[in-house]
Amino acid sequence: MTRALRLHSFGMHTLVRLARLRFGSLRLRIAVLYASLFAMVLAVIVSLASSGLSRFAEMSAARDLAANARVFDEIIASRARQMSDQADVLARDFGFRQSVATADRPTITSALTSLESRVRSDFAFVLTLDGEVLAAHKAGVPAPDKLWARLDAGETRGIIATPSGLALAAAAPIEAPDLIGWLVIAQPLDRSELDRLVELAPIELEAQVAEAAQQPEWLSAAKTGDVFEREEAERFLYHVSDLAVLQDGVSPRLVLRHSLTQSLAAYDSVNWLLGGLAAGGILSVLALSWRVARSVTEPLQRLDEATRLIGEGREISLAIDTDDEIARLAVSFNQMVTAIDERERQIIHVGLHDGLTGLPNRKLFTEQLANVLVRRRGGDQVMIAYVDLDDFKMVNDTLGHPAGDELLRMVAEHLRQDLPDALIARLGGDEFAILIDGISGKESLGNIADALQRSFERPMAINGQHARCGASIGIAMAPGDGEDGTTLMKNADLALYRAKREGKSTYHFFEPALDEAARQRRQLEIDLRAAIKDGGFELYFQPLYSLAEKRLTGFEALIRWNHPERGLVNPAEFIALAEETGLIVPIGEWVIREACHQANMWPDDVSVAVNVSPRQFASSGLSTTILQALASSGLAPERLELEITESIFIVDINATLATLHRLRNLGVRLSLDDFGTGYSSLSYLRCFPFDKVKIDRSFVEDLGTSETGHAMIRAITTLADALGMETLAEGVEDIAQFEVLKREGCQHIQGFLFSRPVTAGEVAGLLQKGAGYQRLLYA
């Protein structure tokens, strides 16, 4: 095939050179080119035929070798069966069995000698169960211990090794009536024997039986049963077969070799015949091409003129006024094709694109949206966003319409850069449409909308003047908000109307049936993002009291969100949303930094505890955040305590333990929060040595209503003490609970008994009241 491609390439270059030559007339050119084309095609055909013939010869030789290999294997197996039958006849002979049973050596020797002569065996011997070898001559008999394993396994035919080489052996059991020994006969597989087998083959072969260890590395590594080629002084085909063995420690292989070069030589005459036929065909075509060229010239002249007139847009005239028909035909044809193509491109582009920005127009956007919806996979979502630029009319009025056009072009370019995989269209005026497909169910739609919003917040300068470009965006999602393009575009437009009504530079998702809960949730996410951006959070601190030191030894940092419209928002309401959307990571980072900053202003023996959410714990930057917070605040690592819930162990316990050890290496303290509420609390304590265990408030609440509450507290404190961990009870609200916890060995207390969470400014006052707590609790 490669040869054919080279001939094709050579032929094409030859045609090009011939086309450039200036012959006396077009008729001669056509004759020469026609003959050359035919010669090129014929050369390719002959080359393909020759190549196919060679390939056929190679495949035939490989098939023949494989077939002969099977014949060889069958002949060897057949001879082994014959030998086995001969041995079995003697082994069943009553007199022979009696002589073996009585160890009558003369009789055994005579019988074995007779058997060797009948089957042309090198040697025959009897192997008794005692390991004794009885033979006419023991020279060449293998060691009995190398034969027992195969004979015990029921194998009766195979190759054995003798001093003179490998031999084909067969064994028959001697039973009188129980097994008393084995009769074994062997025939050599020497060169003469293999040559006799080769003479039976229909093709020329070379056969060899040798141990794999004695063969060359390339041959011993060859896969058995396959035909493969090897280049030596000439090309050879090889076939390797594994032979059955009757002796441990031998691994004979039958190797057949066939000369591929000699097989291919038989087809040389056919190749010469093909070459002769090709030469005769070329000569015949040269004779006929002149007549063909004469019949072609006049139509070509008329076609040339007609083509030129079509290219100029004039009426067709067949007048002939040129000397070089081929040159003018090519020029005229190219002009016509170029003109038609250019006009078609312009028509299509104008019909489907916006002339100002080059973006697709509404028609193309609608067609592409329909195609995307048809190709959408079951779990994927498609986002359709309608965009309306805010205050675009003001730009036109103050800077002029050329500036407005420039602003639209810049917006289009920004969208192309920021959303390379999206389909962006200009619907008219200052309205755009954006299509984003392949959105999985796990992706945050809010993050995608935020990225879209940021594309319109990039600074722009037009004619040296700053131009602000915000945008209101309405978003509809397929399939939730519709499964056809018309419905989705209508819903996106409705969402855009809602976004513009709620204020500028914002986005709004379409809400079917005015789903108030969905709207509130999306609004809460928007407000949460705004709070992160504008610093809308505040830390409160609840004191941690040490029973051993009888003083306040630390505070737990608790986040509070003072919403500008709703006031204080319950953490249970927004923490879950932050965890789900991933916003808990930036929120958690702020909490750690702010808690370290506040704690650094407290006395050196007062620590701060910070809750770490599962999502934040799984983030890759937690250790870096803690290091940066400690470094920037100057807080000692041992004064920072991280409270972690059992849910971190659910996903990947090995990765969780690795993260815990990294945090421990930073020098911070680690406590297991809400202990006892999960299913595997004890196993987690065994996996990692926490510094502290926080007893869940549910156990503290049971102290006043259930007798088992005392036992549970005692069990937890005893277990923690045995593991070298401190204990802290949360939710302590009265003196009675305090007394029970103190009596049961709890070391730290947290709850309204001491104080509700207070602002950072009130912490100093609580520390000063420490003596008052002592008088209250130990009065």
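Residues numbered from 1 in each chain as written. Predicted model: local features only at pLDDT ≥ 70, side-chain atom pairs only at ≥ 80, totals over all residues. Heavy atoms only, no water.

S.K.: Even after reading the chapter, I still don't get the overall build of the chain, so can you show me in this structure?
M.R.: Looking only at helices and strands, the chain has 27 helices and 26 strands in total. Relative to its full complement of 779 residues, the chain shows a buried share of 45%. Within the chain, contacts between residues at least 6 apart in sequence are counted, and of these 64% link residues at least 24 apart. Summed over all atoms, the accessible surface of the chain reaches about 40000 Å², with 54% contributed by carbon and sulfur. (Helix = DSSP H or I, 4+ residues; strand = E, 2+ residues; numbered from the N terminus. Buried < 20%, exposed > 50% of the residue type's maximum accessible area, 1.4 Å probe, protein only. Contact = heavy atoms within 4.5 Å. Areas by Shrake-Rupley, 256 points an atom, 1.4 Å probe, with all protein chains shown as cover.)

S.K.: Sorry if this is basic, but what is going on with the sheet that holds strand S6 (residues 206-211) here?
M.R.: Backbone hydrogen bonds are what pair the strands of a sheet, in a parallel or an antiparallel way. Taken in spatial order, the four strands make up an open sheet running S6-S9-S8-S7, and their pairing is antiparallel. Taken across any chain shown, the strands that pair with only one partner, and hence form the sheet edges, are S6 and strand S7 (227-231). When strand polarity is set aside, the average angle formed by the axes of neighbouring strands in this sheet is 30 degrees. (Pairing = 2+ DSSP bridges. Axes fitted to C-alpha atoms, helices over the stretch in contact; angles between N-to-C directions.)

S.K.: Looking at this structure, I do not really get the sheet that holds strand S1 (residues 123-128). What am I missing?
M.R.: Across the sheet, five strands lie side by side as S2-S1-S5-S4-S3; this open sheet has antiparallel pairing. What marks the edges here is a single partner per strand, and that holds for strand S2 (133-135) and strand S3 (157-162). Each strand of the sheet is rotated relative to its neighbour by a mean of 35 degrees, with strand direction disregarded. As judged from the nine bridges shared by strand S4 (residues 165-175) and strand S5 (residues 179-188), these two strands associate in the antiparallel manner.

S.K.: Please clarify how the side chain of Gln542 should be interpreted in this entry.
M.R.: Of note, Gln542 is situated in strand S17 (residues 537-546). Of the residues examined, Gln542 reaches a relative accessible area of 7% and is grouped as buried. Here Gln750 takes part through its side chain, which lies 3.1 Å from a polar atom of the side chain of Gln542. Contacts of Gln542, omitting those with residues within four sequence positions, involve Gly554, Phe555, Glu556, Leu558, Gln750, Gly751, Phe752, Ser755 and Pro757. (Polar contact = N/O pair within 3.5 Å; in protein donor to acceptor, adjacent residues only side chain to side chain.)

S.K.: Before we go on, may I ask you to explain the pattern of salt bridges in this structure?
M.R.: Proximity of charged atoms lets side chains of opposite charge pair with each other. Enumeration according to the criterion identifies 33 salt bridges in this entry. Residues Arg92 and Asp88 are paired through a salt bridge, measuring 2.6 Å at the closest nitrogen-oxygen approach. You can see Arg92 and its partner Asp88 sitting in helix H2 (residues 26-92), four residues apart, about one turn around the helix. According to the relative accessible area criterion, Asp88 is partly exposed, its value standing at 24%. (Salt bridge = Lys/Arg side-chain N within 4 Å of Asp/Glu carboxyl O.)

S.K.: When you look at the confidence of the model for the chain in this model, what are you seeing that I'm missing?
M.R.: Regions with low pLDDT carry predicted coordinates that are not meant to be interpreted in detail. On average, the chain scores 81 in pLDDT, and the residues at 70 or more come to 84%. In the model, residues 1-12 has pLDDT below 50 throughout and makes 16 contacts with residues more than four positions away in sequence or in other chains. Note on residues 14-22: pLDDT under 50 across the span, and 13 contacts to partners over four residues away in sequence or across chains. (pLDDT = per-residue confidence, 0-100.)

S.K.: I keep staring at helix H3 (residues 94-101) and nothing clicks. Help me out?
M.R.: Because an α-helix packs 3.6 residues into every turn, residues spaced three or four apart end up facing the same way. Taken as a whole, H3 has its buried residues at Phe96, Ser99 and Val100. The buried side chains of H3 occupy one side of the element, clustering within an arc of 100 degrees when seen end-on. Of the residues in H3, the exposed ones pointing more than 90 degrees away from the buried face are Phe94 and Ala101. Between the side-chain oxygen of the N-cap and the backbone nitrogen of Gly95 there are 3.1 Å, and the N-cap of H3 in question is Asp93. Ala103 sits one or two residues past H3 and shows a positive phi near 60 degrees. (Arc of directions from axis to C-beta.)

S.K.: What's the story with the nonpolar core in this structure? I'm lost.
M.R.: The nonpolar side chains of soluble globular proteins are, as a tendency, buried together. Counting residues in each nonpolar core, the largest one holds 74 residues, and the members touching the most others are Ile626, Leu640, Leu660 and Ile749. The biggest single contributor to this core is helix H18 (residues 584-599), with eight residues. Aside from chain neighbours lying at most four places away, what touches Ile749 is Pro543, Leu544, Tyr545, Leu547, Leu728, Ala729, Val732, Phe738, Leu741 and Phe754. Formed by 45 residues, the second largest nonpolar core is a distinct cluster that contains Ile108, Ala172, Ala207 and Leu256. (Core = buried A, V, L, I, M, F, W, Y, C linked by side-chain atoms within 4.5 Å.)

S.K.: In this structure, what is going on with unusual backbone geometry? I would like to understand it.
M.R.: As a rule of thumb, non-glycine residues mostly have phi less than zero, and peptide bonds are mostly trans rather than cis. Note that the residue after Ala176, namely Pro177, is joined by a cis bond; omega there is -15 degrees. Here Pro177 shows up in the loop between S4 and S5. The omega torsion of the bond from Ala478 to Pro479 falls at 10 degrees, within 30 degrees of zero and hence cis. Along the polypeptide, Pro479 turns up in the loop between strand S15 (471-478) and helix H15 (485-502). Even without glycine at this site, Ala103 takes up a positive phi of about 60 degrees. Summarising the element assignment, Ala103 is placed in the loop between H3 and helix H4 (105-119).

S.K.: How should I be thinking about the packing of H3 against H4 in this particular structure?
M.R.: Each pair of packed helices gets described by two things: the angle between the helix axes and the distance between those axes. Packing of H3 against H4 brings their axes to within 8 Å, and their N-to-C directions diverge by 135 degrees. As judged from the angle between their axes, H3 and H4 are oblique. Once H3 is placed against H4, the crossing between them reads as left-handed. Across from Phe96, Ser99 and Val100 in H3, the residues of H4 making contact are Thr107, Ile108, Ala111 and Leu112. Here the residues of the contact of H3 with H4 sort into five nonpolar, two polar and no charged. (Parallel < 35°, antiparallel > 145°, perpendicular 65-115°, else oblique. Left-handed = near helix turned anticlockwise from the far one by under 90°. Nonpolar A, V, L, I, M, F, W, Y, C, P; charged D, E, K, R; others polar.)

S.K.: Mind showing me how you'd approach a negative patch on the surface here?
M.R.: Together, Glu701, Asp702, Glu733 and Asp734 give the surface a local cluster of negative charge. Topologically, Glu733 is positioned in the loop between strand S24 (726-730) and helix H25 (735-743). (Patch = residues over 30% accessible without salt bridge, like charges linked within 9 Å, V, L, I, M, F, W, Y side chains within 5 Å. Lys, Arg positive; Asp, Glu negative; His and termini not counted. Charge placed at Lys NZ, Arg CZ, Asp CG, Glu CD.)

S.K.: What's the story with helix H14 (residues 445-454) in this structure? I'm lost.
M.R.: Burial analysis of H14 places seven of its ten residues in the buried class, the great majority of the element. Burial in H14 covers these residues: Leu445, Gly446, Ile448, Ala449, Asp450, Leu452 and Gln453.

S.K.: Could you clarify how one ought to interpret the packing of aromatic side chains in this entry?
M.R.: Two aromatic rings are characterised by how far apart their centres lie and by the angle between their planes. In the structure shown here, the tally under the stated rule is twelve aromatic pairs. Measuring from centroid to centroid gives 6.0 Å for Phe537 and Trp561, while their planes differ by 55 degrees, and the two rings are tilted. One end of the pair, Phe537, is in strand S17; the other, Trp561, is in strand S18 (residues 551-563), with 24 residues separating them in the sequence. Residues Phe537 and Trp561 agree in their burial class; the two are buried. Aromatic rings pair up to connect Phe537, Trp561, Phe574 and Trp590 into one cluster. Of note, Arg230 hangs over the ring of Trp218, and the distance from its end group to the ring centre comes to 3.9 Å. Note that Arg756 overlies the ring of Phe752, its terminal NZ or CZ placed 4.1 Å from the centroid. (Phe/Tyr/Trp six-rings, centres within 6.5 Å; stacked < 30°, edge-to-face > 60°. Lys NZ or Arg CZ within 6 Å of the ring centre and 35° of its normal.)

S.K.: Just checking my understanding: could you explain the pairing of strand S21 (residues 640-644) for this structure?
M.R.: Within S21, five of the five residues are buried, which leaves the element mostly enclosed by the surrounding structure. Direction of pairing for S21 relative to strand S22 (residues 669-675): parallel, over a ladder of four bridges. Following the sheet pairing, Glu641 is matched in S22 by Arg669.

S.K.: Any chance you could explain the packing of helix H11 (residues 362-375) against H15 here in plain terms?
M.R.: The interhelical angle for the contact between H11 and H15, taken along N-to-C directions, is 120 degrees, at an axis separation of 9 Å. In the packing of H11 onto H15, the handedness of the crossing is right-handed. Taking contact as the criterion, the partners of Arg362, Phe365, Thr366, Leu369 and Leu373 in H11 are, on H15, Gly485, Leu488 and Met489. Residues of the contact of H11 with H15, tallied by class, amount to five nonpolar, two polar and one charged.

S.K.: Even after reading the chapter, I still don't get the pairing of strand S9 (residues 252-259), so can you show me in this structure?
M.R.: Side-chain positions along a regular strand alternate between the two faces of the sheet. Of all eight residues in S9, seven are buried, a share of seventy percent or more. Looking at chain direction, S6 and S9 are connected through six bridges and run antiparallel. Each bridged residue has a counterpart across the sheet, and for Ala210 the counterpart in S9 is Arg253. One ladder, built from seven bridges, connects strand S8 (residues 235-242) with S9; its direction is antiparallel. The residue bridging Tyr238 from the neighbouring strand is Arg257, located in S9.

S.K.: What exactly am I supposed to notice about the environment of Leu767 here?
M.R.: Inspection of the secondary structure puts Leu767 in helix H26 (residues 763-768). In sequence terms Leu767 and Val606 are 161 residues apart; their C-alpha atoms lie 9.3 Å from each other.

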